[in-house]
Amino acid sequence: MAHDHAHHHGDGNSYFLEQLFTIAVCGAIGGVMVMLYVTGRIGYLLAASQQPGVLLGGVGLLTLALLRGIAVWFDVGAKQASGHAHDHNHAHGPCDHDHGDCGHDHHHHHHEHEHGVKAAASPALTNLPLAAAPSVAVSGHSHDDHHDHDHHHHHGHDHDHDHGWAPWRFMLLLLPVILFLLGLPSKGIVGKEVSLNAADVAQINNMNKGDKGDKVVTLSFLELEKASMNVNVRDDLAGRLISVTGKYMGSDPAHFTLVRFKINCCAADAIPLNAVIMVNPPDQKKYKLDPAQYNGQWVTVTGRLFFVPQQNGEYRTVVILEPSEEKPLSGLVDKLPGPPAGNEYAS
Amino acid sequence: MDNTVYLDQVQNFFTNFSSILFEAMPWVVLGAVLAGIVQEIPQRRAPAVMLALSALLITGYFVSPVTRLVDRGLLSLHPVAVIACNWVVAVAVAGGVFAVLIACQPAVDQLLGYLGRRRYLSIFLSGLLGLVIPMCECGIIPLTRRLLRKGLPISCCVTYILSGPILNVVVLMTTYAAFAPRAADPNSPNQMNGLWMLGMRAGLGFLVAFVVGLVVEQMQKRYGVSLLKGLMIRKGDEDEDKDLEVESRISWWKRVSNITETALHDFVDISVFLIIGALIAAAAKVAIDAKTIAAYSEGKPTLAIAIMMTFAVIVTLCSEADAFVAASFGTLRPAAKLAFLVLGPMLDFKLIMMYTRIFRPRLMATIITCVVFQVFVYSYVTHVIWERQLALEWWGWVLFWAALVGLLAVMIVLIQLLLRVVLPEKTEEPAASHRKHADEHAPSTVKLN
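Quick caveat: nothing in here was measured; it's all calculated off a predicted structure.

### A few points about the overall build of chain A
Working step 1: A tally of helices and strands in chain A yields 10 helices and 7 strands.
Working step 2: By the burial criterion, 51% of the 347 residues in chain A qualify as buried.
Working step 3: Total accessible area computed for chain A in this model is approximately 14900 Å², and 58% of it derives from carbon and sulfur atoms.

### Some points on the overall build of chain B
Working step 1: In terms of helices and strands, chain B carries 21 helices and 0 strands.
Working step 2: Taking all 449 residues of chain B together, the buried fraction comes to 55%.
Working step 3: Carbon and sulfur atoms make up 69% of the accessible area of chain B, which amounts to about 18600 Å² in all.

### Observations regarding the nonpolar core
Working step 1: Within the largest apolar cluster, 128 residues are counted, with the highest numbers of intra-cluster contacts made by F267, F340 and F359 of chain B.
Working step 2: With 13 residues, the single largest contributor to this core is helix α1 (residues 3–40) of chain B.
Working step 3: If sequence neighbours within four positions are ignored, F359 of chain B has contacts with V158, I161, L227, L228, K229, M364 and I367 of chain B.
Working step 4: By size, the runner-up hydrophobic cluster in this structure holds 26 residues, among which are I277, V279, L305 and L332 of chain A.

### Considerations on the packing of helix α5 (residues 105–117) of chain B against helix α6 (residues 119–127) of chain B
Residue and element names in this part refer to chain B.
Working step 1: The N-to-C vectors of α5 and α6 enclose an angle of 110 degrees; their axes lie 5 Å apart at closest approach. The pairing of α5 with α6 is recorded here as roughly perpendicular in orientation. On α6, the residues touching Y114, L115, G116 and R117 of α5 are R119, L121, S122 and L125.
Working step 2: Here the residues of the contact of α5 with α6 are counted per class, giving 4 nonpolar, 2 polar and 2 charged.

### Here's the deal with the side chain of R357 of chain B
Working step 1: Counting through the fold element by element, R357 of chain B comes out in the loop between α18 (349–355) and α19 (361–386).
Working step 2: Here D269 of chain B takes part through its side chain, which lies 3.1 Å from a polar atom of the side chain of R357 of chain B.

### Observations concerning the pattern of salt bridges
Any two side chains of opposite charge can pair if their charged atoms end up close together.
Working step 1: Tallied over the full model, the rule gives 15 salt bridges over all chains.
Working step 2: Between R145 of chain B and D269 of chain B there is a salt bridge whose closest N-O contact spans 2.9 Å. On the criterion of sequence distance, the pair formed by R145 of chain B in helix α8 (residues 137–149) and D269 of chain B in helix α13 (residues 252–287) is long-range, its members being 124 residues apart.
Working step 3: Accessibility expressed as a relative area gives 1% for R145 of chain B, which makes it buried.
Working step 4: Members of the salt-bridge network, linked through shared partners, are E18 and R169 of chain A together with R145, R146, D266, D269 and R357 of chain B.

### What about the pairing of strand β5 (residues 298–309) of chain A?
Residues and elements named next belong to chain A.
Working step 1: Of all 12 residues that make up β5, 11 are buried, and the element is covered over most of its length.
Working step 2: For strand β2 (residues 241–249) and β5, the ladder comprises 7 bridges, and the chain directions are antiparallel. Residue V244 lies in a different strand from β5, and its bridge partner there is V301.
Working step 3: Relative to strand β6 (residues 315–321), β5 runs antiparallel, the two being bridged by 6 bridges. Paired with P309 across the bridge in β6 is Y315.

### Some details on helix α4 (residues 79–103) of chain B
The α-helix winds at 3.6 residues per turn, so residues separated by three or four positions along the chain end up facing the same way.
Residues and elements named next belong to chain B.
Working step 1: The end-to-end C-alpha distance of α4 is 36 Å, a good match for the 36 Å that 25 residues give at a rise of 1.5 Å each.
Working step 2: For α4, every residue scored as buried is listed here: V82, N86, A90, A94 and L101.
Working step 3: Looking at the buried positions of α4, the neighbouring elements they touch are α2 (46–63), α3 (65–71) and α5.

### Notes on a nonpolar patch on the surface
Residues and elements named next belong to chain B.
Working step 1: Where nonpolar side chains cluster on the molecular surface, the patch consists of L51, L131, V132, V169 and M173 and spans about 380 Å² of accessible area.
Working step 2: Going through the elements one at a time, α7 (129–132) and α10 (169–179) are the ones with two or more residues in the nonpolar patch.
Working step 3: Topologically, L131 is positioned in helix α7.

### Observations concerning the pairing of β6 of chain A
Residues and elements named next belong to chain A.
Working step 1: Most of β6 is tucked away: 6 of the 7 residues are buried.
Working step 2: Relative to β6, strand β4 (residues 271–279) is paired through 5 bridges, and the arrangement is parallel. The residue of β6 that forms the bridge with V279 is L321.

### Re the packing of α2 of chain B against α4 of chain B
Residues and elements named next belong to chain B.
Working step 1: One way to put it is that α2 packs onto α4 with a least axis distance of 8 Å and a crossing angle of 155 degrees. Overall, the two elements α2 and α4 adopt an arrangement that is roughly antiparallel. At the point where α2 passes α4, the crossing takes the right-handed sense. In contact with P47, A48, V49, L51, A52, A55, L56, T59, G60 and Y61 of α2, α4 contributes N86, W87, V89, A90, V91, V93, A94, V97, F98, L101 and I102.
Working step 2: Taken together, the residues that form the contact of α2 with α4 break down as 18 nonpolar, 3 polar and no charged.

### Notes on the packing of aromatic side chains
Aromatic ring pairs are reported here in terms of the distance separating the ring centres and the angle at which the planes meet.
Working step 1: Under the defined criterion, the tally for this structure stands at 11 aromatic pairs over all chains.
Working step 2: Their ring planes at 65 degrees and their centres at 5.3 Å tell us that Y15 of chain A and F16 of chain A sit as a pair that is edge-to-face.
Working step 3: Between Y355 of chain B and F359 of chain B, the aromatic rings sit 5.7 Å apart at their centres with planes inclined by 55 degrees, giving tilted as the arrangement. You'll find Y355 of chain B and F359 of chain B in the same group, each marked buried.
Working step 4: Connected via pairs of aromatic rings, a cluster forms that spans Y248, F256 and Y294 of chain A.
Working step 5: One Lys or Arg, R362 of chain B, reaches over the ring of Y223 of chain B and ends 4.2 Å from the middle of that ring.

Calculation rules
- Residues numbered from 1 in each chain as written.
- Chains lettered and ligands numbered in written order.
- Predicted model: local features only at pLDDT ≥ 70, side-chain atom pairs only at ≥ 80, totals over all residues.
- Heavy atoms only, no water.
- Helix = DSSP H or I, 4+ residues; strand = E, 2+ residues; numbered from the N terminus.
- Buried < 20%, exposed > 50% of the residue type's maximum accessible area, 1.4 Å probe, protein only.
- Areas by Shrake-Rupley, 256 points an atom, 1.4 Å probe, with all protein chains shown as cover.
- Core = buried A, V, L, I, M, F, W, Y, C linked by side-chain atoms within 4.5 Å.
- Contact = heavy atoms within 4.5 Å.
- Axes fitted to C-alpha atoms, helices over the stretch in contact; angles between N-to-C directions.
- Parallel < 35°, antiparallel > 145°, perpendicular 65-115°, else oblique.
- Nonpolar A, V, L, I, M, F, W, Y, C, P; charged D, E, K, R; others polar.
- Polar contact = N/O pair within 3.5 Å; in protein donor to acceptor, adjacent residues only side chain to side chain.
- Salt bridge = Lys/Arg side-chain N within 4 Å of Asp/Glu carboxyl O.
- Pairing = 2+ DSSP bridges.
- Expected span 1.5 Å × (residues − 1).
- Patch = residues over 30% accessible without salt bridge, like charges linked within 9 Å, V, L, I, M, F, W, Y side chains within 5 Å.
- Left-handed = near helix turned anticlockwise from the far one by under 90°.
- Phe/Tyr/Trp six-rings, centres within 6.5 Å; stacked < 30°, edge-to-face > 60°.
- Lys NZ or Arg CZ within 6 Å of the ring centre and 35° of its normal.

Rendered as structure tokens:
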């Protein structure tokens, strides 16, 4: 039901102050949403399918803030023009909620309820484009200016309406704005290094590393994940030379982890896809990795693929590096300038 | 552990927080705008406007007819033109729906009157409302606040809040997509495929929401509007015909002003608690590893169900993506994943915080207790039946289900009794309390015409 919010009087300054803060904060959040999309930083947070929604939401919020700003501007103008010279007999009848005791004179607070106010009495005024409805007495209703209707509220209950304004809410709402201005987050989810346990190492050492030729098959992380769950694909790929891209995570010169996250909606649902890469055990004394050079970097790894069964029935993906004089380790672990195709997540 | 690990965890915290927040924000904006529109329109026009907006959203965003024609090669258009044409078609469809419903206003009024007299049917249909008005759980809250003020019964609103995020075209499709490839994994036999998981999630979600709606209906008869925050309480009845006359004299600018004020107010009100919930969820996600959850749950189905339910509350995921997270727990039993998928859209940190803006503690406690209890029981029953741990004759199954229904009824009664003991009873309606206030205190400062 439409109602006239503009019946501000008495301490109406707090109402306008709250409106200004609301407009400013909502506009700031809308701007942040748009800027996240424009700068591409939204890619750290959301999957590609979700990103246009952020842009639309930001534009929507900016539009709302702009329209509300214009409306408040005219409201203030109307208030100043009227000089607030009307007589307010405030029949504060059915507010439909419990007020209780606020401990102070209840001059005016912005009520989120109807006072039984009907539409403005003067259609001519309200039909003017962009003219605020005057906060004047309307049919069957007039307000008292000092509005000293002592409510004698009692503390300890929930008002459920704006009682003046609450600055703490706006401080909290500014948190995402502050984070954006600080440049946070500056990257996507950071993975954890996965170490091999003794059982895994023993299994790998005992595995029959008979190869299936030297043709290199390029696989994505998603394909590797699906392969580890399907027995037919595992049998087909095990022993093949493959090339896979991921983020280097490790501190051991003999083995490291490749990590990539799969998100379907947002970074909060990121699922790590771990693949363990290790130098072929017989060659580990001769060829050593330099973790400092690679850690946190995007790399493409070429090695032979195997799947190690785990206790829970799942399979861990393992890629064995086979360096030689012709193919040094640096060629098998190739650094990339950035995420593949500019997308950090496999979605 | 060196400092980089701590820095990485802080980084992950901010990333998780921002991703939860900005994934939900567009839906909160949409819900706030719809709330503003609902607040502004006369009550009689609400069905026509809401269904028209819903048709606009579904056609423009989900169906996207022109995009589908282009994808099939039946049309060739510039991408910008495709988007524009989609929304032109959506507006046309919405306009058609609106015109039809306005033309059939008497029939709509009759239908609403019929439903108003049949509360249980209304609750049942409210459980299916998400199929017609698809909204994420974050957008449903601001919209439902205004529907409550417009006179939609509390029980219907609660049912819609709980079932809407699950019985939603997008959510059902993503649930199917997440589980479809896992039909035949020999390492994890007897998993639910996409169709089964879709059906079970939709069915159990609806059942939980419907039962909670029935419970809330009984509570409403006893406690009235004191179950709600004061802001949610509808004003007294008014002459609707007179309202329509008055409404027609309000300028379009005034309407826009009112809509924007309501929308921004609701956005601020909800977003504050969304931010608090997102902070809690991000901290929990950094502290708790999903693989640890899976490790604790292996081989213990009852514990797995409870752990996954807790995980669902903690991770605070959108219902459109939680299916993929559940599916990633490869070897976990289907019932545990089902518990995660049913409870998550109904109860998580951000929702709990947002519920505090609508419901008083008594109703919140009732909803939370009923939802958690039902999800656990249904999930465990699903586990027993799906894993075929019970070898019963047909009459055995009949007795089994009868015993289950009886147990549910007893537990719901016990919950109600417990809440009466724990929470103080407030049967006096706030409106009555206010009138009592006004009578007791100085009418001398209140001048009446």
